[in-house]
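Structural description and commentary
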Amino acid sequence: MRLYLFIIMACMAVRLFITGGLPTCHAFEVGIDTNAPISAITGDIAAPAQTVADTGATFVRVNFILGPWSSPHDSTPHGAANRTWFQTYDEIVNGFVNRGVKVYGLIGAEAVHSSASGLNEEQYVQDYKANFVEIVGHFKDRIRIFESFNEPNDWAGGGTAQVQPYWFARMLEEIYLGAKYEDGHSSETSWQVDLVSGPLFSHDLDNVASYLQDVIDAGINDLHWNEVLAKTGSYPLDGLGYHIYVKQGSSDPSEIRHAMKSNLDAVWNVFTGLEGEDIDKKIYVSELGWTTDYVTESVQADNLDTAFNYLRSDSRIQLGVWFCLKDFPGGHYGIFCESGLGLSDRKPSWYRFYYQAKPPFSSLQNRGFETGDLSGWSGYGERDGVQSGSWFAGMEAFEGEYFYGAAANWGQKNGGLLQRVRIPAGETVRLSGMVRTYRVGGSAGDTACRIGIHPNGSDDHLNGEIVWSDWMETSNVWSPVQVQTVLVEDVVAVFLEYKQNAPEWNITAFDDITLSYKSMGFSLY
(Lines give C-alpha, C1' and ligand atoms only; values in the text may rest on other atoms or scores of the structure.)
Protein backbone atom coordinates (compact mmCIF):
# COMPACT_ATOMS: atom_id res chain seq x y z
CA MET A 1 0.00 0.00 0.00
CA ARG A 2 2.91 2.31 0.65
CA LEU A 3 5.60 0.90 -1.65
CA TYR A 4 6.73 4.24 -2.97
CA LEU A 5 6.79 5.75 0.50
CA PHE A 6 9.66 3.44 1.39
CA ILE A 7 11.75 4.81 -1.48
CA ILE A 8 11.20 8.32 -0.17
CA MET A 9 11.92 7.33 3.44
CA ALA A 10 15.27 5.77 2.62
CA CYS A 11 16.59 9.16 1.49
CA MET A 12 15.59 11.10 4.61
CA ALA A 13 17.97 12.21 7.37
CA VAL A 14 17.17 11.78 11.06
CA ARG A 15 17.61 14.74 13.38
CA LEU A 16 16.42 14.72 16.98
CA PHE A 17 14.07 17.42 18.15
CA ILE A 18 11.96 17.60 21.31
CA THR A 19 8.59 19.25 20.85
CA GLY A 20 6.87 21.66 23.16
CA GLY A 21 3.50 21.53 24.89
CA LEU A 22 0.00 21.32 23.52
CA PRO A 23 -1.45 24.48 22.01
CA THR A 24 -4.85 25.74 23.03
CA CYS A 25 -7.09 25.18 20.02
CA HIS A 26 -10.44 24.09 18.60
CA ALA A 27 -12.27 20.90 19.55
CA PHE A 28 -10.15 18.11 18.11
CA GLU A 29 -10.41 14.38 18.73
CA VAL A 30 -7.65 11.78 18.87
CA GLY A 31 -8.01 8.23 17.57
CA ILE A 32 -6.00 5.06 17.02
CA ASP A 33 -6.17 2.48 14.24
CA THR A 34 -6.59 -0.91 15.89
CA ASN A 35 -4.90 -2.96 13.14
CA ALA A 36 -6.98 -5.79 11.65
CA PRO A 37 -9.86 -6.38 14.11
CA ILE A 38 -10.26 -10.03 13.05
CA SER A 39 -8.19 -12.74 11.46
CA ALA A 40 -9.11 -12.64 7.78
CA ILE A 41 -8.55 -16.40 7.64
CA THR A 42 -10.31 -17.73 10.74
CA GLY A 43 -12.61 -14.88 11.77
CA ASP A 44 -11.23 -14.86 15.31
CA ILE A 45 -11.36 -11.50 17.06
CA ALA A 46 -8.02 -9.71 17.25
CA ALA A 47 -9.13 -6.25 18.43
CA PRO A 48 -7.91 -5.65 22.02
CA ALA A 49 -10.67 -3.41 23.38
CA GLN A 50 -9.20 -2.78 26.83
CA THR A 51 -5.74 -2.08 25.45
CA VAL A 52 -7.21 0.53 23.10
CA ALA A 53 -9.24 2.08 25.91
CA ASP A 54 -6.11 2.30 28.05
CA THR A 55 -4.44 4.53 25.41
CA GLY A 56 -7.00 7.22 26.17
CA ALA A 57 -8.16 7.37 22.53
CA THR A 58 -11.54 9.02 21.97
CA PHE A 59 -12.04 7.09 18.72
CA VAL A 60 -10.86 3.76 17.39
CA ARG A 61 -10.79 3.11 13.65
CA VAL A 62 -12.31 -0.31 12.94
CA ASN A 63 -11.98 -1.91 9.51
CA PHE A 64 -15.06 -4.02 8.71
CA ILE A 65 -13.27 -6.98 7.14
CA LEU A 66 -15.46 -9.82 5.83
CA GLY A 67 -12.74 -12.40 6.33
CA PRO A 68 -14.04 -15.95 5.85
CA TRP A 69 -17.68 -14.84 5.58
CA SER A 70 -19.23 -14.26 2.15
CA SER A 71 -21.32 -11.26 3.21
CA PRO A 72 -22.32 -9.42 6.39
CA HIS A 73 -25.48 -11.55 6.69
CA ASP A 74 -23.62 -14.83 6.20
CA SER A 75 -24.78 -16.95 9.15
CA THR A 76 -21.98 -19.51 8.86
CA PRO A 77 -20.18 -19.77 12.21
CA HIS A 78 -16.43 -19.11 12.10
CA GLY A 79 -13.67 -18.68 14.63
CA ALA A 80 -13.11 -20.31 17.98
CA ALA A 81 -16.35 -18.79 19.32
CA ASN A 82 -18.44 -20.04 16.33
CA ARG A 83 -19.96 -16.66 15.61
CA THR A 84 -21.59 -15.18 12.52
CA TRP A 85 -20.06 -12.05 10.99
CA PHE A 86 -22.50 -9.71 12.69
CA GLN A 87 -22.09 -11.51 16.02
CA THR A 88 -18.32 -11.15 15.70
CA TYR A 89 -18.43 -7.44 14.98
CA ASP A 90 -21.13 -6.85 17.60
CA GLU A 91 -18.64 -8.24 20.10
CA ILE A 92 -15.89 -5.96 18.78
CA VAL A 93 -17.99 -2.80 18.59
CA ASN A 94 -19.66 -3.35 21.96
CA GLY A 95 -16.27 -4.00 23.52
CA PHE A 96 -15.12 -0.54 22.51
CA VAL A 97 -18.37 1.32 23.14
CA ASN A 98 -18.81 -0.23 26.60
CA ARG A 99 -15.35 1.10 27.50
CA GLY A 100 -16.18 4.62 26.37
CA VAL A 101 -14.31 4.50 23.05
CA LYS A 102 -16.25 5.71 20.01
CA VAL A 103 -15.93 3.71 16.80
CA TYR A 104 -14.93 5.29 13.51
CA GLY A 105 -16.02 2.65 11.00
CA LEU A 106 -14.08 1.91 7.82
CA ILE A 107 -16.17 0.09 5.22
CA GLY A 108 -13.74 -0.48 2.39
CA ALA A 109 -12.57 -3.03 -0.13
CA GLU A 110 -12.27 -5.75 2.52
CA ALA A 111 -15.98 -5.41 3.32
CA VAL A 112 -17.07 -6.94 0.01
CA HIS A 113 -16.40 -10.13 -1.96
CA SER A 114 -17.67 -8.90 -5.32
CA SER A 115 -18.56 -10.92 -8.39
CA ALA A 116 -17.13 -8.10 -10.54
CA SER A 117 -13.89 -8.61 -12.43
CA GLY A 118 -12.41 -5.37 -11.07
CA LEU A 119 -13.00 -2.26 -8.98
CA ASN A 120 -13.83 0.07 -11.86
CA GLU A 121 -17.20 -1.24 -12.99
CA GLU A 122 -20.84 -0.90 -12.03
CA GLN A 123 -21.21 -4.44 -10.66
CA TYR A 124 -18.52 -3.75 -8.09
CA VAL A 125 -20.13 -0.46 -7.08
CA GLN A 126 -23.50 -2.14 -6.52
CA ASP A 127 -22.02 -5.07 -4.57
CA TYR A 128 -20.06 -2.60 -2.44
CA LYS A 129 -23.12 -0.41 -1.91
CA ALA A 130 -25.25 -3.34 -0.75
CA ASN A 131 -22.77 -4.35 1.93
CA PHE A 132 -22.06 -0.76 2.92
CA VAL A 133 -25.73 0.00 3.54
CA GLU A 134 -26.26 -3.29 5.38
CA ILE A 135 -23.35 -2.61 7.73
CA VAL A 136 -24.46 0.97 8.41
CA GLY A 137 -28.00 -0.22 9.09
CA HIS A 138 -26.83 -2.76 11.66
CA PHE A 139 -24.42 -0.52 13.57
CA LYS A 140 -25.99 2.93 13.23
CA ASP A 141 -27.24 2.78 16.82
CA ARG A 142 -23.61 2.57 18.06
CA ILE A 143 -21.50 4.09 15.28
CA ARG A 144 -22.26 7.54 13.89
CA ILE A 145 -19.29 8.07 11.56
CA PHE A 146 -18.43 5.76 8.66
CA GLU A 147 -15.61 6.07 6.16
CA SER A 148 -15.69 4.54 2.69
CA PHE A 149 -13.15 2.90 0.36
CA ASN A 150 -9.61 3.14 1.81
CA GLU A 151 -7.00 5.03 -0.24
CA PRO A 152 -8.78 4.83 -3.63
CA ASN A 153 -5.93 6.80 -5.24
CA ASP A 154 -3.24 4.35 -4.09
CA TRP A 155 -1.51 2.63 -7.00
CA ALA A 156 -1.73 -0.70 -5.12
CA GLY A 157 1.28 -2.08 -6.96
CA GLY A 158 0.27 -0.68 -10.36
CA GLY A 159 0.95 2.54 -12.19
CA THR A 160 -2.35 4.39 -11.67
CA ALA A 161 -4.98 4.84 -8.94
CA GLN A 162 -6.66 1.57 -8.04
CA VAL A 163 -10.06 3.31 -8.24
CA GLN A 164 -10.36 5.70 -11.15
CA PRO A 165 -11.84 9.12 -10.25
CA TYR A 166 -15.11 8.46 -12.09
CA TRP A 167 -15.68 5.22 -10.22
CA PHE A 168 -14.79 6.68 -6.86
CA ALA A 169 -17.29 9.48 -7.51
CA ARG A 170 -19.83 6.80 -8.40
CA MET A 171 -19.16 4.89 -5.18
CA LEU A 172 -19.63 8.02 -3.08
CA GLU A 173 -22.88 8.85 -4.84
CA GLU A 174 -24.39 5.39 -4.52
CA ILE A 175 -23.48 4.70 -0.87
CA TYR A 176 -24.65 8.17 0.17
CA LEU A 177 -28.05 7.75 -1.41
CA GLY A 178 -28.33 4.14 -0.27
CA ALA A 179 -27.57 4.90 3.36
CA LYS A 180 -29.18 8.31 3.84
CA TYR A 181 -31.99 8.67 1.28
CA GLU A 182 -33.34 5.55 -0.41
CA ASP A 183 -35.91 3.13 1.07
CA GLY A 184 -37.37 5.85 3.28
CA HIS A 185 -34.07 6.50 5.06
CA SER A 186 -34.33 10.26 4.47
CA SER A 187 -37.14 10.48 7.04
CA GLU A 188 -35.35 8.38 9.68
CA THR A 189 -32.95 10.23 11.95
CA SER A 190 -31.09 7.04 12.82
CA TRP A 191 -29.91 6.69 9.21
CA GLN A 192 -28.45 10.21 9.11
CA VAL A 193 -24.96 9.15 10.07
CA ASP A 194 -21.88 11.05 8.93
CA LEU A 195 -20.35 9.53 5.81
CA VAL A 196 -16.73 10.54 5.32
CA SER A 197 -15.26 10.05 1.87
CA GLY A 198 -12.79 7.23 1.43
CA PRO A 199 -9.45 8.61 2.72
CA LEU A 200 -7.02 9.85 0.07
CA PHE A 201 -3.39 8.76 0.41
CA SER A 202 -1.10 11.81 0.49
CA HIS A 203 2.67 11.89 0.77
CA ASP A 204 5.66 13.99 -0.30
CA LEU A 205 5.15 13.34 -4.02
CA ASP A 206 1.37 13.78 -4.17
CA ASN A 207 -0.99 15.96 -2.15
CA VAL A 208 -3.87 14.29 -4.09
CA ALA A 209 -5.50 17.63 -4.96
CA SER A 210 -5.49 16.63 -8.64
CA TYR A 211 -7.17 13.28 -7.95
CA LEU A 212 -9.82 14.91 -5.77
CA GLN A 213 -10.52 17.51 -8.45
CA ASP A 214 -10.98 14.74 -11.01
CA VAL A 215 -13.41 12.97 -8.66
CA ILE A 216 -15.44 16.14 -8.17
CA ASP A 217 -15.45 16.92 -11.88
CA ALA A 218 -16.74 13.41 -12.64
CA GLY A 219 -19.39 13.72 -9.93
CA ILE A 220 -20.66 17.10 -11.15
CA ASN A 221 -20.24 16.72 -14.92
CA ASP A 222 -20.70 12.99 -15.61
CA LEU A 223 -22.77 11.69 -12.72
CA HIS A 224 -25.58 13.06 -10.54
CA TRP A 225 -23.98 14.91 -7.63
CA ASN A 226 -26.24 17.94 -8.08
CA GLU A 227 -29.25 15.63 -7.83
CA VAL A 228 -27.80 14.17 -4.62
CA LEU A 229 -27.49 17.73 -3.31
CA ALA A 230 -31.11 18.47 -4.23
CA LYS A 231 -32.38 15.28 -2.57
CA THR A 232 -30.28 15.24 0.59
CA GLY A 233 -29.08 18.80 1.04
CA SER A 234 -25.46 17.75 0.59
CA TYR A 235 -23.00 16.51 -1.96
CA PRO A 236 -22.24 12.82 -1.24
CA LEU A 237 -19.68 13.31 1.53
CA ASP A 238 -20.12 14.75 5.01
CA GLY A 239 -16.39 15.08 5.52
CA LEU A 240 -13.16 14.56 3.61
CA GLY A 241 -11.10 11.49 4.51
CA TYR A 242 -7.36 12.02 4.27
CA HIS A 243 -4.10 10.21 5.05
CA ILE A 244 -0.83 12.05 5.64
CA TYR A 245 2.53 10.28 5.29
CA VAL A 246 5.01 13.12 4.81
CA LYS A 247 8.70 13.51 5.71
CA GLN A 248 8.92 9.91 6.80
CA GLY A 249 12.61 9.98 7.67
CA SER A 250 12.65 13.43 9.24
CA SER A 251 12.83 14.63 12.81
CA ASP A 252 12.60 18.32 11.95
CA PRO A 253 9.28 19.64 13.33
CA SER A 254 9.21 22.73 11.13
CA GLU A 255 9.77 20.58 8.05
CA ILE A 256 7.00 18.20 9.09
CA ARG A 257 4.54 20.98 9.90
CA HIS A 258 5.24 22.70 6.58
CA ALA A 259 4.69 19.48 4.62
CA MET A 260 1.44 18.71 6.46
CA LYS A 261 0.12 22.22 5.93
CA SER A 262 1.09 22.23 2.26
CA ASN A 263 -0.80 19.01 1.55
CA LEU A 264 -3.82 20.02 3.59
CA ASP A 265 -3.98 23.46 1.98
CA ALA A 266 -3.89 21.93 -1.49
CA VAL A 267 -6.71 19.47 -0.91
CA TRP A 268 -8.75 22.01 1.09
CA ASN A 269 -8.67 24.43 -1.82
CA VAL A 270 -10.25 21.77 -4.02
CA PHE A 271 -12.79 20.81 -1.35
CA THR A 272 -13.92 24.41 -0.86
CA GLY A 273 -14.15 24.77 -4.62
CA LEU A 274 -16.98 22.25 -4.38
CA GLU A 275 -18.55 23.28 -1.09
CA GLY A 276 -17.80 27.01 -0.88
CA GLU A 277 -15.53 29.04 1.39
CA ASP A 278 -18.00 29.02 4.29
CA ILE A 279 -17.93 25.22 4.42
CA ASP A 280 -18.76 23.63 7.78
CA LYS A 281 -17.49 20.19 6.80
CA LYS A 282 -14.17 18.98 8.17
CA ILE A 283 -11.17 16.86 7.22
CA TYR A 284 -10.80 13.52 8.98
CA VAL A 285 -7.16 12.48 9.04
CA SER A 286 -7.76 8.78 9.58
CA GLU A 287 -4.12 7.74 9.19
CA LEU A 288 -0.82 9.40 9.95
CA GLY A 289 2.38 7.95 11.32
CA TRP A 290 6.09 7.23 11.16
CA THR A 291 7.68 3.79 11.08
CA THR A 292 10.60 2.98 13.34
CA ASP A 293 12.22 1.28 10.37
CA TYR A 294 13.33 4.77 9.31
CA VAL A 295 13.41 6.81 12.53
CA THR A 296 14.33 5.92 16.09
CA GLU A 297 11.62 5.19 18.64
CA SER A 298 12.41 8.52 20.28
CA VAL A 299 12.01 10.40 17.00
CA GLN A 300 8.77 8.56 16.27
CA ALA A 301 7.44 9.84 19.59
CA ASP A 302 8.60 13.39 18.87
CA ASN A 303 7.03 13.29 15.39
CA LEU A 304 3.77 12.07 16.85
CA ASP A 305 3.71 15.16 19.07
CA THR A 306 4.59 17.42 16.16
CA ALA A 307 1.85 15.98 13.96
CA PHE A 308 -0.91 16.00 16.55
CA ASN A 309 0.01 19.46 17.80
CA TYR A 310 -0.28 20.76 14.25
CA LEU A 311 -3.61 19.03 13.59
CA ARG A 312 -4.95 20.33 16.89
CA SER A 313 -4.08 23.87 15.78
CA ASP A 314 -5.82 23.57 12.39
CA SER A 315 -9.53 24.35 12.65
CA ARG A 316 -10.21 22.40 9.44
CA ILE A 317 -9.36 19.09 11.15
CA GLN A 318 -11.98 17.16 13.11
CA LEU A 319 -10.10 13.96 13.90
CA GLY A 320 -6.55 12.63 13.84
CA VAL A 321 -5.95 8.86 13.91
CA TRP A 322 -2.51 7.41 14.53
CA PHE A 323 -1.55 4.43 12.40
CA CYS A 324 -1.36 2.13 14.24
CA LEU A 325 -1.74 0.38 17.61
CA LYS A 326 0.88 -2.35 17.18
CA ASP A 327 3.81 -3.09 14.88
CA PHE A 328 3.28 -5.79 12.26
CA PRO A 329 5.68 -7.53 9.84
CA GLY A 330 6.89 -4.91 7.38
CA GLY A 331 5.19 -2.03 9.20
CA HIS A 332 6.62 -0.70 12.46
CA TYR A 333 4.27 2.26 12.83
CA GLY A 334 2.77 1.09 16.13
CA ILE A 335 2.87 2.53 19.60
CA PHE A 336 3.41 -1.07 20.75
CA CYS A 337 6.24 -3.27 19.56
CA GLU A 338 5.45 -6.38 17.55
CA SER A 339 6.33 -8.45 20.63
CA GLY A 340 3.06 -7.77 22.44
CA LEU A 341 0.69 -5.38 24.20
CA GLY A 342 2.15 -5.30 27.69
CA LEU A 343 3.84 -2.47 29.58
CA SER A 344 7.26 -3.60 28.41
CA ASP A 345 6.07 -3.56 24.77
CA ARG A 346 5.14 0.13 24.81
CA LYS A 347 7.28 2.43 22.71
CA PRO A 348 7.91 6.02 23.81
CA SER A 349 5.20 6.96 21.33
CA TRP A 350 2.62 5.19 23.52
CA TYR A 351 3.10 7.79 26.22
CA ARG A 352 3.09 10.68 23.77
CA PHE A 353 -0.13 9.35 22.23
CA TYR A 354 -1.70 9.08 25.66
CA TYR A 355 -0.74 12.68 26.45
CA GLN A 356 -2.31 13.79 23.18
CA ALA A 357 -5.50 11.79 23.80
CA LYS A 358 -5.73 12.90 27.43
CA PRO A 359 -3.71 16.09 27.66
CA PRO A 360 -2.20 16.65 31.09
CA PHE A 361 -2.93 19.81 33.03
CA SER A 362 -0.46 22.66 33.06
CA SER A 363 -0.61 22.72 36.86
CA LEU A 364 -2.11 20.64 39.65
CA GLN A 365 -5.88 21.07 39.72
CA ASN A 366 -8.15 21.30 42.76
CA ARG A 367 -5.32 20.50 45.16
CA GLY A 368 -7.43 21.13 48.26
CA PHE A 369 -10.75 19.86 46.81
CA GLU A 370 -12.18 23.34 47.34
CA THR A 371 -14.38 23.01 44.26
CA GLY A 372 -16.49 20.74 46.45
CA ASP A 373 -16.07 17.85 44.02
CA LEU A 374 -13.34 15.80 42.31
CA SER A 375 -12.78 18.20 39.40
CA GLY A 376 -9.38 17.49 37.87
CA TRP A 377 -9.00 14.12 39.57
CA SER A 378 -9.73 10.66 38.21
CA GLY A 379 -9.41 7.49 40.20
CA TYR A 380 -9.51 3.75 40.64
CA GLY A 381 -10.84 1.20 43.07
CA GLU A 382 -13.58 2.08 45.57
CA ARG A 383 -14.08 5.78 46.12
CA ASP A 384 -16.29 8.02 48.23
CA GLY A 385 -15.97 11.72 47.55
CA VAL A 386 -15.27 15.21 48.76
CA GLN A 387 -16.37 15.86 52.35
CA SER A 388 -17.05 19.01 54.37
CA GLY A 389 -17.94 20.03 57.91
CA SER A 390 -17.52 17.53 60.73
CA TRP A 391 -17.45 14.07 59.17
CA PHE A 392 -17.08 10.57 60.60
CA ALA A 393 -14.86 10.37 63.71
CA GLY A 394 -14.96 14.16 63.89
CA MET A 395 -12.79 14.65 60.83
CA GLU A 396 -12.70 18.16 59.35
CA ALA A 397 -10.69 19.76 56.55
CA PHE A 398 -7.05 20.54 57.23
CA GLU A 399 -7.50 23.85 55.45
CA GLY A 400 -10.45 25.47 53.74
CA GLU A 401 -13.83 23.79 53.76
CA TYR A 402 -13.35 20.51 51.89
CA PHE A 403 -11.19 17.37 51.88
CA TYR A 404 -11.30 13.95 50.22
CA GLY A 405 -12.45 11.07 52.42
CA ALA A 406 -13.32 7.40 52.04
CA ALA A 407 -15.05 5.55 54.88
CA ALA A 408 -16.36 2.06 55.54
CA ASN A 409 -18.10 0.61 58.60
CA TRP A 410 -17.71 -3.17 58.91
CA GLY A 411 -16.17 -3.13 55.47
CA GLN A 412 -13.22 -1.86 53.46
CA LYS A 413 -12.67 0.57 50.61
CA ASN A 414 -9.39 0.44 48.76
CA GLY A 415 -8.60 2.83 45.93
CA GLY A 416 -7.04 6.10 44.95
CA LEU A 417 -7.07 9.35 43.01
CA LEU A 418 -4.71 10.46 40.27
CA GLN A 419 -3.90 13.44 38.09
CA ARG A 420 -1.37 14.16 35.35
CA VAL A 421 0.52 17.43 35.07
CA ARG A 422 2.97 18.67 32.44
CA ILE A 423 6.39 19.54 33.89
CA PRO A 424 9.72 19.60 32.00
CA ALA A 425 11.56 16.29 31.78
CA GLY A 426 14.64 16.08 33.99
CA GLU A 427 13.12 18.17 36.77
CA THR A 428 13.24 17.04 40.39
CA VAL A 429 9.58 16.96 41.37
CA ARG A 430 8.12 16.91 44.87
CA LEU A 431 4.60 15.83 45.84
CA SER A 432 3.40 16.61 49.35
CA GLY A 433 0.14 16.71 51.24
CA MET A 434 -1.74 16.03 54.43
CA VAL A 435 -3.25 12.63 55.27
CA ARG A 436 -5.46 11.42 58.09
CA THR A 437 -6.66 7.95 59.09
CA TYR A 438 -8.92 6.33 61.68
CA ARG A 439 -9.77 2.72 62.39
CA VAL A 440 -11.56 0.58 64.92
CA GLY A 441 -10.16 -2.92 65.29
CA GLY A 442 -7.36 -4.47 63.32
CA SER A 443 -3.64 -3.95 63.64
CA ALA A 444 -1.20 -1.10 63.12
CA GLY A 445 -0.91 -0.22 59.46
CA ASP A 446 -4.21 -1.80 58.42
CA THR A 447 -5.72 1.58 57.55
CA ALA A 448 -3.25 3.87 55.84
CA CYS A 449 -2.56 6.42 53.09
CA ARG A 450 0.36 7.06 50.75
CA ILE A 451 1.18 9.32 47.82
CA GLY A 452 3.19 8.54 44.68
CA ILE A 453 4.77 9.94 41.53
CA HIS A 454 5.18 8.20 38.18
CA PRO A 455 8.15 9.82 36.37
CA ASN A 456 6.86 8.86 32.89
CA GLY A 457 3.33 10.12 33.44
CA SER A 458 1.62 6.71 33.33
CA ASP A 459 -1.74 6.62 35.11
CA ASP A 460 -1.50 2.88 35.80
CA HIS A 461 -1.55 2.65 39.60
CA LEU A 462 -0.04 -0.85 39.42
CA ASN A 463 3.00 0.30 37.46
CA GLY A 464 6.20 -0.72 39.21
CA GLU A 465 7.94 2.54 38.29
CA ILE A 466 5.79 4.66 40.63
CA VAL A 467 7.85 6.21 43.42
CA TRP A 468 5.74 5.88 46.57
CA SER A 469 5.97 7.37 50.03
CA ASP A 470 5.72 4.98 52.96
CA TRP A 471 2.25 3.95 54.05
CA MET A 472 1.12 6.28 56.88
CA GLU A 473 -1.39 5.67 59.65
CA THR A 474 -2.09 8.80 61.73
CA SER A 475 -4.47 8.01 64.63
CA ASN A 476 -7.05 10.58 63.51
CA VAL A 477 -4.75 13.61 63.17
CA TRP A 478 -3.63 15.39 60.03
CA SER A 479 -0.01 14.50 59.25
CA PRO A 480 2.33 15.60 56.45
CA VAL A 481 3.68 13.21 53.81
CA GLN A 482 5.91 13.82 50.80
CA VAL A 483 7.83 12.05 48.04
CA GLN A 484 10.07 13.24 45.23
CA THR A 485 11.79 11.93 42.10
CA VAL A 486 13.33 13.04 38.79
CA LEU A 487 11.04 13.10 35.74
CA VAL A 488 11.87 11.00 32.70
CA GLU A 489 9.14 12.36 30.41
CA ASP A 490 7.63 15.85 30.44
CA VAL A 491 4.53 14.67 32.29
CA VAL A 492 4.18 13.52 35.88
CA ALA A 493 1.34 11.38 37.25
CA VAL A 494 0.51 11.90 40.92
CA PHE A 495 -1.34 9.36 43.03
CA LEU A 496 -3.23 9.52 46.33
CA GLU A 497 -3.82 5.95 47.48
CA TYR A 498 -5.47 4.42 50.53
CA LYS A 499 -5.93 0.94 51.96
CA GLN A 500 -8.48 -0.23 54.50
CA ASN A 501 -8.12 -3.62 56.17
CA ALA A 502 -9.49 -3.16 59.71
CA PRO A 503 -12.58 -5.28 60.44
CA GLU A 504 -14.80 -2.49 61.81
CA TRP A 505 -14.27 1.21 61.05
CA ASN A 506 -11.92 2.37 58.25
CA ILE A 507 -11.52 6.07 57.42
CA THR A 508 -8.87 7.62 55.14
CA ALA A 509 -8.53 11.25 54.06
CA PHE A 510 -6.36 13.65 51.99
CA ASP A 511 -6.08 17.44 51.85
CA ASP A 512 -3.73 20.27 50.80
CA ILE A 513 -1.92 18.40 48.01
CA THR A 514 1.05 20.32 46.58
CA LEU A 515 3.12 19.57 43.47
CA SER A 516 6.33 21.50 42.91
CA TYR A 517 9.60 21.21 41.06
CA LYS A 518 13.16 22.30 41.76
CA SER A 519 13.86 24.94 39.11
CA MET A 520 10.73 26.80 40.18
CA GLY A 521 11.89 26.81 43.80
CA PHE A 522 9.43 24.03 44.61
CA SER A 523 6.57 26.44 44.15
CA LEU A 524 4.34 24.99 41.42
CA TYR A 525 0.68 24.93 42.52
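Cut-off values and rules
Residues numbered from 1 in each chain as written. Predicted model: local features only at pLDDT ≥ 70, side-chain atom pairs only at ≥ 80, totals over all residues. Heavy atoms only, no water. Core = buried A, V, L, I, M, F, W, Y, C linked by side-chain atoms within 4.5 Å. Buried < 20%, exposed > 50% of the residue type's maximum accessible area, 1.4 Å probe, protein only. Helix = DSSP H or I, 4+ residues; strand = E, 2+ residues; numbered from the N terminus. Contact = heavy atoms within 4.5 Å. Axes fitted to C-alpha atoms, helices over the stretch in contact; angles between N-to-C directions. Parallel < 35°, antiparallel > 145°, perpendicular 65-115°, else oblique. Left-handed = near helix turned anticlockwise from the far one by under 90°. Nonpolar A, V, L, I, M, F, W, Y, C, P; charged D, E, K, R; others polar. Polar contact = N/O pair within 3.5 Å; in protein donor to acceptor, adjacent residues only side chain to side chain. Pairing = 2+ DSSP bridges. Phe/Tyr/Trp six-rings, centres within 6.5 Å; stacked < 30°, edge-to-face > 60°. Lys NZ or Arg CZ within 6 Å of the ring centre and 35° of its normal.

Take the nonpolar core next. Within soluble globular proteins, side chains that are nonpolar tend to cluster in buried spots. Counting residues in each nonpolar core, the largest one holds 103 residues, and the members touching the most others are Phe-64, Phe-96, Phe-139, Phe-146 and Phe-353. The dominant element in this core, judged by the number of residues it contributes, is helix H8 (residues 253–275), at 10 residues. Those residues in contact with Phe-139, other than ones at most four positions away along the chain, are Phe-64, Trp-85, Phe-86, Tyr-89, Asp-90, Val-93 and Phe-146.

The N-to-C vectors of helix H5 (residues 165–180) and helix H7 (residues 225–232) enclose an angle of 20°; their axes lie 11 Å apart at closest approach. In terms of their interaxial angle, H5 and H7 are classed as roughly parallel. Along this stretch, H5 crosses H7, giving a crossing that reads as left-handed. In this structure, H5 contributes Ala-169, Leu-172, Glu-173, Tyr-176 and Leu-177 to the contact, and H7 contributes Trp-225, Val-228, Lys-231 and Thr-232. Across the contact of H5 with H7, the residue classes break down as six nonpolar, one polar and two charged.

Time to look at the side chain of Thr-474. Note on placement: Thr-474 falls in the loop between strand S16 (467–468) and strand S17 (479–486). Only 2.8 Å separates the side chain of Thr-474 from the backbone oxygen of Val-477, close enough to count as a polar contact. In contact with Thr-474, not counting residues within four places along its chain, are Val-435, Arg-436, Thr-437 and Ser-479.

We now examine the sheet that holds strand S15 (residues 447–454). Taking strand neighbours across the sheet as the criterion, the five strands line up as S10-S13-S18-S15-S16 in an open arrangement whose pairing is antiparallel. Only two strands of the sheet have a single neighbouring strand rather than two, namely strand S10 (378–381) and S16. Examined bridge by bridge, S10 and strand S13 (residues 415–422) share four bridges and lie antiparallel to one another. Directly across from Gly-379, in S13, lies its bridge partner Leu-417.

Quick look at the pairing of strand S1 (residues 29–33) now. The element S1 is extensively covered by neighbouring structure, given that four of its five residues are classed as buried. One ladder, built from four bridges, connects S1 with strand S9 (residues 317–322); its direction is parallel. Its bridge partner lying in S9, Gly-31 is registered against Val-321. Direction of pairing for S1 relative to strand S2 (residues 59–63): parallel, over a ladder of three bridges. Following the sheet pairing, Asp-33 is matched in S2 by Arg-61.

A few words on the packing of aromatic side chains. Scanning the model with the defined rule gives 35 aromatic pairs in all. Plain terms: the ring middles of Trp-85 and Tyr-89 are 4.6 Å apart, the flat faces sit at 35° to each other, and that makes the pair tilted. Of this pair, Trp-85 and Tyr-89 are both found in helix H3 (residues 85–97), four residues apart, which corresponds to roughly one turn of the helix. Taken together, a centroid distance of 6.3 Å and an interplanar angle of 35° make the contact between Phe-168 and Tyr-211 tilted. Of the two residues, Phe-168 sits in helix H5 while Tyr-211 sits in helix H6 (residues 209–222), which places them 43 residues apart along the sequence. Accessibility classification places Phe-168 together with Tyr-211 in one group, the buried group. Each member of the aromatic cluster is reached from another via a ring pair, and the members are Trp-391, Phe-392, Phe-398, Phe-403, Trp-478 and Trp-505. Over the ring of Trp-191 we find Lys-140, and its NZ or CZ is 4.7 Å from the ring centre. We note Arg-346 situated over the ring of Trp-350; from NZ or CZ to the ring centre the distance is 3.5 Å.

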